[in-house]
Amino acid sequence: MATSVTAHAHAGPQGFIRKYIFSLDHKVIGIQYFFLALTAVWVGMFLSLLMRIHLLWPGVTLPLVGDIKPETYLSLLTMHGTIMVFFVLTTAPQGGFGNYFLPIQIGAPDMAFPVLNMLSFWTTFVAFVVIIAAFFVSGGAPLHGWTGYPPLSALQSAGPGEGLGADLWITSIAIFCLASLMGALNFLTTTLDMRAKGMTMMRMPLTVWSWFITAILGLLAFGVLLSAGILLLMDRNMGTSFYVPLVVVNGQIMGHKGGSPLLWQHLFWFFGHPEVYIAILPGMGVASQILSTFSRKPIFGYKAMVYAMLAIGFFGFMVWGHHMFMSGMSPYSAFAFSLLTMCIGVPSAIKTFNWLGTMYKARIRFQTPMLYAIGFVSLFVSGGLSGPFLAQPVLDIQLHDTYFVVGHFHLIMGVAAIFGMFAATYYWVPKMFGRMMNETWGRIHFFITLAGTYAIFMPMHYLGIAGGTRRYSQYTEVAYLQKLMPLHQFMTYAAIITIAAQFIFVINLFWSIFRGPKASDNPWESTTLEWTTATPPPHDNFGGVTPVVHNGPYEYAVPGAARDFVMQTDPAAGTTH
Amino acid sequence: MATYVPSRPGDQVGGGGDVPRPPNGGGDDGRYPDSNLPNYGARLRRARLGLICAIATVSMVFVSLTSAYIVRRGLPTFDESSRTYFRDWGSVQLPWLLLTINTALLLISSLTIEKARRNITRSAALAPVRSIPGISLDEERSFPWLGVTILLGFGFLIGQWMAWGELKGRGFFVNTNPNSSFIYLLTAAHAVHLAGGVVAMLWAGATSLLHRPVEGRRIAVDVTAWYWHFMAVLWLYIFALLAFVH
Ligand code: HEM
Ligand SMILES: [Cu+2]
């Protein structure tokens, strides 16, 4: 039986610029996204460190940064959140790993529109430069948080940083929206149209499904954020009143009247809730792939996994109101939003049980990618369980805008998604760079990071229940919050240790890329298409061969097969045709 | 391992069975695998799929603007002097005649670009025949429908610009009242998207001057034409919104 069709082999472009800078090769673009996100995550992490230090020692003058005034704290917070959500959680899982592995996993030589792909990366890059520029303009970075609520975000005179800094912030996000839209269009077309022969939708690896569904969410959500941002820019610079009611700033009546800050909240969260799934879905895909591979068992309930992701994507567009229970919305809408939000718990639980089912009674290979995939499941559960509490309007009256929410979304969106990226990095770096990462240091990094993130974010829940408000720069002057300071101290120390441990990761990464032991073509004995080709893959991915697919993606432990796994390109497993 | 019953292909646990799938031209990079020749059929399908995605996105932009329009229209505002609430939506006298002329231009341009699309589809289909030595079909100099469409497109944009001028002349600026803000916003957002279509047509025209293969140009014209039709429908929608929900 012929397993492949020979085709022409493309030579890659020569010359440094065409090959590494303005490359059209999805693999190079994926790596570019990856390193952009890696840069962004260090910036974001540094900002969080400054915040944690300021909370303990509000008076100290830091080297390089100087005094942290209350407004400086707010700009740190804003830039931390924005950079992390957009340039890390949205950039690395989808733009980075998705770009690199989606075409290979479906057996395509590249993305559907390579030029557009290059444009999306460079547009993202410009967006990043623009947002970083906000630090350096007069007034500094904006204060309004990653959610950018007006009127604070809509008035130039609302505070330092709300001038040019805020304009740059909005512009950066608008540019980011364009980049993400181009990316989503490319992902969708590629998945629908470029699958190799035999790669039916229901044979796609769950990673591909997750990138595909993420792209659908992106395509529908980013356009809404874009228009919301344009309205905000107009309110700020053209004297319109979409969002700004009659307001008085420093005793002065502003020229606006009649706008509604809630309009922004609706538009923002209509984007914002799907956005949180944009951040987490690729992690779910990677976790599924890795759990199955290292358990040496087929993923439990493949179809259920696909339908659960589709359901999450679908419901994700109908729950944005749960961020606005405290905005004075009608109790009837609050009830509806609450109910719909609880519905998302069902597919989320299905996924969790399927992951556990996959590991049940398996001979698990506890290597670093697997540890991180298990860590992902753990954090997804811990962070997810607080969701249904927040989804009760009655409880949310107490919990909204407290550290409870900060704990919730950091565990689930912040750290779970980051664990997905770590898992993906340890799993795929051998394929991307042809070298294995160090196992021992990988494990050490894992255990410190797992313990560290729980130590940072778990106490936040207690803090929130005790009424610890979020987005305050100083807790030392408020009597009832003063009592919570020991918790803050604990969290800050945990953060310092956890951040320090990330040096292990980058050193391991760069050392391995250059010095690590050479990786074979299929070091993890996985089944999907990227492991059938050379390491690292040639310019057209399969070296002039078009793969033909005969099997589902997770055929492990197939009876009668020579090995305990059957590659997707192997002759049909266990059957006689 | 003994307790675990592994999947067989076709079981749902292993993910998908061995369902035969007809080759769909996928898995390629738009070339025929055996000859390395460009596969224009695959490329056209791919471009159209991309266009559908783009249209979905642009629709979401205008859906969100519409919802903002309707919400803002219903909002009360506080009047400081009388200390009461009132609706500040305000009215705007639109230059209806001019807008109607612009609408007509755009609809006509939709027809002309459809002409261009059909013509180039035919020449693309005939291209292989024409390349057979000894066969000469009459070289029909077809009417430059694409050029006409570009002119009409510019006409529409200039017309919209004039409509803005008239609005300003009547004292309606972008910040006069929320109604006028939305009028400027919606028309500008549409004009930007439409200008994108004009750029695409200019590009398609430029490639024809460069003697690129007609099959490739056909894809550009085809996709631009469908996008242009979408722009016309979008404009009709905005026009109706401004006319009936003001
Ligand atoms: C069962 C699933 C979930 C439920 C029921 C749930 C519920 C909620 C609710 C009600 C809030 C609003 C709390 C408030 O502001 O008072 C919230 C906030 C948040 N959730 Fe979730 N959530 C779930 C899963 C997720 C997931 C999977 C993510 C991300 C991957 C996520 C990310 C966030 C973020 C980022 C915020 C806070 C945004 C902010 O105010 O800055 N949630 N969640
Ligand atoms: Cu939400």
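Parameters at a glance
Residues numbered from 1 in each chain as written. Chains lettered and ligands numbered in written order. Predicted model: local features only at pLDDT ≥ 70, side-chain atom pairs only at ≥ 80, totals over all residues. Heavy atoms only, no water. Helix = DSSP H or I, 4+ residues; strand = E, 2+ residues; numbered from the N terminus. Rg over C-alpha atoms; globule rule 2.2 N^0.38 Å. Buried < 20%, exposed > 50% of the residue type's maximum accessible area, 1.4 Å probe, protein only. Contact = heavy atoms within 4.5 Å. Areas by Shrake-Rupley, 256 points an atom, 1.4 Å probe, with all protein chains shown as cover. Patch = residues over 30% accessible without salt bridge, like charges linked within 9 Å, V, L, I, M, F, W, Y side chains within 5 Å. Salt bridge = Lys/Arg side-chain N within 4 Å of Asp/Glu carboxyl O. Expected span 1.5 Å × (residues − 1). Pairing = 2+ DSSP bridges. Phe/Tyr/Trp six-rings, centres within 6.5 Å; stacked < 30°, edge-to-face > 60°. Donors = N, O, S within 2.8 Å, 3.2 Å for Na, K, Ca; no water. Lys, Arg positive; Asp, Glu negative; His and termini not counted. Polar contact = N/O pair within 3.5 Å; in protein donor to acceptor, adjacent residues only side chain to side chain. Axes fitted to C-alpha atoms, helices over the stretch in contact; angles between N-to-C directions. Parallel < 35°, antiparallel > 145°, perpendicular 65-115°, else oblique. Nonpolar A, V, L, I, M, F, W, Y, C, P; charged D, E, K, R; others polar. pLDDT = per-residue confidence, 0-100. Near = heavy atom within 4 Å. Left-handed = near helix turned anticlockwise from the far one by under 90°. Core = buried A, V, L, I, M, F, W, Y, C linked by side-chain atoms within 4.5 Å. Bend = angle between axes of the 7 residues up to and from the residue.

**Student:** Can you walk me through the overall build of chain A in this structure?
**Tutor:** A tally of regular secondary structure across chain A gives 16 helices and six strands. Computed over C-alpha atoms, the radius of gyration of chain A comes to 24 Å, within 12% of the 25 Å expected from 2.2 N^0.38 for 577 residues, which places it in the range of a compact globule. Across its three principal directions, the C-alpha atoms of chain A cover 80 × 50 × 45 Å. Burial statistics for chain A: of 577 residues in total, 65% are counted as buried. Put simply, of all contacts in chain A between residues at least 6 apart along the chain, 79% involve residues at least 24 apart. Taken as a whole, chain A presents about 20000 Å² of accessible surface, with 71% of it coming from carbon and sulfur.

**Student:** Just checking my understanding: could you explain a nonpolar patch on the surface for this structure?
**Tutor:** On the surface, Phe16(A), Ile17(A), Tyr20(A) and Phe22(A) cluster together into a nonpolar patch covering about 450 Å² of accessible area. When you line up the elements, Tyr20(A) lands in helix 1 (residues 16–21).

**Student:** Looking at this model, I keep getting lost on helix 4 (residues 178–209) of chain B. Mind explaining?
**Tutor:** In an α-helix, one full turn covers 3.6 residues, which means residues spaced three or four apart are oriented alike. Taking 1.5 Å per residue as the helical rise, helix 4 of chain B with its 32 residues ought to reach 46 Å, and the 46 Å between its terminal C-alpha atoms agrees with that figure. Of the residues trailing helix 4 of chain B, His211(B) is marked for its positive phi of about 55°.

**Student:** For this particular structure, what's the right way to read the pairing of strand 1 (residues 76–79) of chain B?
**Tutor:** Successive side chains on a regular strand alternate, one facing one side of the sheet and the next facing the other. Burial along strand 1 of chain B is one-sided: Thr77(B) and Asp79(B) are buried, and none of Pro76(B) and Phe78(B), which face the opposite way, are. Counted between consecutive antiparallel strands, the loop separating strand 1 of chain B from strand 2 (residues 84–87) of chain B contains four residues, among which Arg83(B) sits at a positive phi close to 55°.

**Student:** Mind showing me how you'd approach the packing of aromatic side chains here?
**Tutor:** How two aromatic rings sit relative to each other is given by the distance of their centres and the angle of their planes. Residue and element names in this part refer to chain A. Counted according to the given criterion, the structure contains 62 aromatic pairs over all chains. Ring geometry for Trp-209 against Phe-212: centres 5.9 Å apart, planes inclined by 75°, an arrangement best described as edge-to-face. Here Phe-212 and Trp-209 lie together in helix 7 (residues 206–237), a separation of three residues that amounts to about one turn. Like Phe-212, Trp-209 is buried. Plain terms: the ring middles of Phe-294 and Trp-524 are 5.3 Å apart, the flat faces sit at 55° to each other, and that makes the pair tilted. With Phe-294 in helix 8 (residues 261–295) and Trp-524 in the loop between helix 16 (485–515) and strand 6 (545–547), the pair connects residues that are 230 residues apart, well separated along the chain. By relative accessible area, Phe-294 is classed as buried at 1%. For Trp-524, a relative accessible area of 5% translates into the label buried.

**Student:** Help me understand the coordination of the copper ion (ligand 2) in this model?
**Tutor:** Octahedral six-donor coordination of a metal ideally yields angles of 90 or 180 degrees, compared with 109.5 degrees for tetrahedral four-donor coordination. Residues and elements named next belong to chain A. Only His-273 (ND1), His-322 (NE2) and His-323 (NE2) from the protein reach the copper ion (ligand 2) as donors, at distances of 1.9 to 2.1 Å. Look at where the donors of the copper ion (ligand 2) fall in the sequence and you get H-x48-H-H. Since its relative accessible area comes to 15%, His-322 is described here as buried. Look at His-323 and you get partly exposed, because its relative accessible area is 22%.

**Student:** Which parts of the structure should I look at to understand the side chain of Asp235(A)?
**Tutor:** Looking at the element boundaries, Asp235(A) is found in helix 7. Buried charge without a partner: Asp235(A) forms no salt bridge, and the closest opposite charge is Arg72(B), 7.4 Å away. For Asp235(A), the side chain forms a polar contact with the main-chain nitrogen of Phe242(A), separated by 2.8 Å. Within the local environment of Asp235(A), its side chain forms a polar contact with the backbone nitrogen of Tyr243(A), the two atoms lying 2.7 Å apart. Those residues in contact with Asp235(A) that sit more than four places away from it in its chain are Ala154(A), Thr240(A), Ser241(A), Phe242(A), Tyr243(A), Val244(A) and His256(A).

**Student:** How should I be thinking about the packing of helix 3 (residues 70–89) of chain A against helix 6 (residues 164–193) of chain A in this particular structure?
**Tutor:** Residue and element names in this part refer to chain A. One way to put it is that helix 3 packs onto helix 6 with a least axis distance of 12 Å and a crossing angle of 5°. Here helix 3 lies roughly parallel to helix 6, going by the angle between them. For the pair helix 3 and helix 6, the contacting residues are Thr-78, Thr-82, Phe-86 and Phe-87 in the first and Trp-169, Ser-172, Ile-173 and Phe-176 in the second. Grouping the constituent residues of the contact of helix 3 with helix 6 by class yields five nonpolar, three polar and no charged.

**Student:** Is there a simple way to think about the coordination of the iron atom of ligand 1 in this case?
**Tutor:** A lone protein donor binds the iron atom of ligand 1: His408(A) (NE2), at 2.2 Å. In this structure, the iron atom of ligand 1 lies 4.6 Å away from the copper ion (ligand 2).

**Student:** Is there a simple way to explain the pattern of salt bridges in this structure?
**Tutor:** Opposite charge on two side chains lets them pair, provided their charged atoms get close. Tallied over the entire structure, the rule returns 17 salt bridges over all chains. Where Arg45(B) meets Asp193(A), a salt bridge forms, and the shortest distance between an N and an O atom there is 2.7 Å. With one member in each of two chains, Arg45(B) in helix 1 (residues 40–74) and Asp193(A) in helix 6 form a pair that bridges those chains. Between Glu166(B) and Arg170(B) there is a salt bridge whose closest N-O contact spans 2.9 Å. You can call Arg170(B) partly exposed: its relative accessible area is 37%.

**Student:** What exactly am I supposed to notice about the confidence of the model for chain B here?
**Tutor:** In low-pLDDT segments, the atomic positions of the prediction should not be examined closely. Residue and element names in this part refer to chain B. Here chain B averages 84 in pLDDT, while 83% of its residues score no lower than 70. For chain B, the element scoring lowest by mean pLDDT is strand 1, at 78; helix 3 (residues 145–169) scores highest, at 97. For residues 1–27, every residue scores under 50 in pLDDT, and the model assigns this stretch 80 contacts once sequence neighbours within four places are set aside.

**Student:** What is the right way to read the site of ligand 1 from this model?
**Tutor:** Residue and element names in this part refer to chain A. Contacts to ligand 1 come from 21 residues, most closely from Trp-146, Asp-396, His-400, His-408 and Arg-470. His-408 places a polar side-chain atom, nitrogen or oxygen, 2.9 Å from a nitrogen atom of ligand 1. Those elements that provide at least two residues to the shell around ligand 1 are helix 8, helix 10 (331–359), helix 11 (368–390) and helix 13 (403–433). Of the residues assigned to the shell around ligand 1, the class counts are 12 nonpolar, seven polar and two charged.

**Student:** I keep staring at the pairing of strand 2 of chain B and nothing clicks. Help me out?
**Tutor:** Pairing between strand 1 of chain B and strand 2 of chain B: four bridges, direction antiparallel. From the neighbouring strand, Phe78(B) faces strand 2 of chain B, where its bridge partner is Tyr85(B).

**Student:** Please clarify how the side chain of Ser295(A) should be interpreted in this entry.
**Tutor:** Residues and elements named next belong to chain A. Tracing the chain through its elements places Ser-295 in helix 8. Classification of Ser-295 as buried rests on a relative accessible area of 1%. Within the structure, the side chain of Ser-295 is placed 2.7 Å from the backbone oxygen of Leu-291, a separation counted as a polar contact. With near-sequence residues (within four places) excluded, Ser-295 lies in contact with Ile-290, Thr-358, Met-359, Ala-362, Arg-363, Ile-364 and Met-370.

**Student:** Help me out: how do you make sense of the environment of Pro536(A) in this one?
**Tutor:** Residues and elements named next belong to chain A. Mapped onto the fold, Pro-536 is located in the loop between helix 16 and strand 6. Classification of Pro-536 as partly exposed rests on a relative accessible area of 39%. For the pair Pro-536 and Ala-519, spaced 17 residues apart in the sequence, the C-alpha separation amounts to 9.1 Å.

**Student:** Looking at this structure, how should I read the packing of helix 13 of chain A against helix 16 of chain A?
**Tutor:** Two quantities define a packed helix pair, namely the angle between the axes and the distance from one axis to the other. All names here are of chain A. Interhelical geometry of helix 13 versus helix 16 gives an angle of 15° and a closest axis separation of 12 Å. One way to sum up the angle between helix 13 and helix 16 is to call them roughly parallel. The chirality of how helix 13 crosses helix 16 is left-handed. On helix 16, the residues that touch Tyr-403, Phe-422, Thr-425, Tyr-426, Val-429 and Phe-433 of helix 13 are His-488, Gln-502, Phe-505, Asn-508, Leu-509 and Ile-513. Taken together, the residues of the contact of helix 13 with helix 16 break down into eight nonpolar, four polar and no charged.

**Student:** What is the right way to look at the nonpolar core in this model?
**Tutor:** Nonpolar side chains tend toward joint burial in soluble globular proteins. All names here are of chain A. With 243 residues, the main nonpolar core has Phe-86, Trp-209, Tyr-243, Phe-376 and Trp-428 as its most contacted residues. Sorting elements by how many residues they give to this core places helix 13 first, with 19 residues. With residues up to four places along the chain from it excluded, the contact list for Phe-86 reads Thr-91, Trp-146, Ile-173, Phe-176, Phe-222, Leu-225 and Phe-271.

**Student:** Can you help me understand helix 13 of chain A in this one?
**Tutor:** Residue and element names in this part refer to chain A. In helix 13, a bend of some 45° at Tyr-427 exceeds every other bend along the element, and Pro-430, a proline, comes one to four places later. Across the 31 residues of helix 13, 29 count as buried, placing the element largely inside the fold. Positioned one or two residues after helix 13, Gly-434 has a phi angle of 75°, which is positive.

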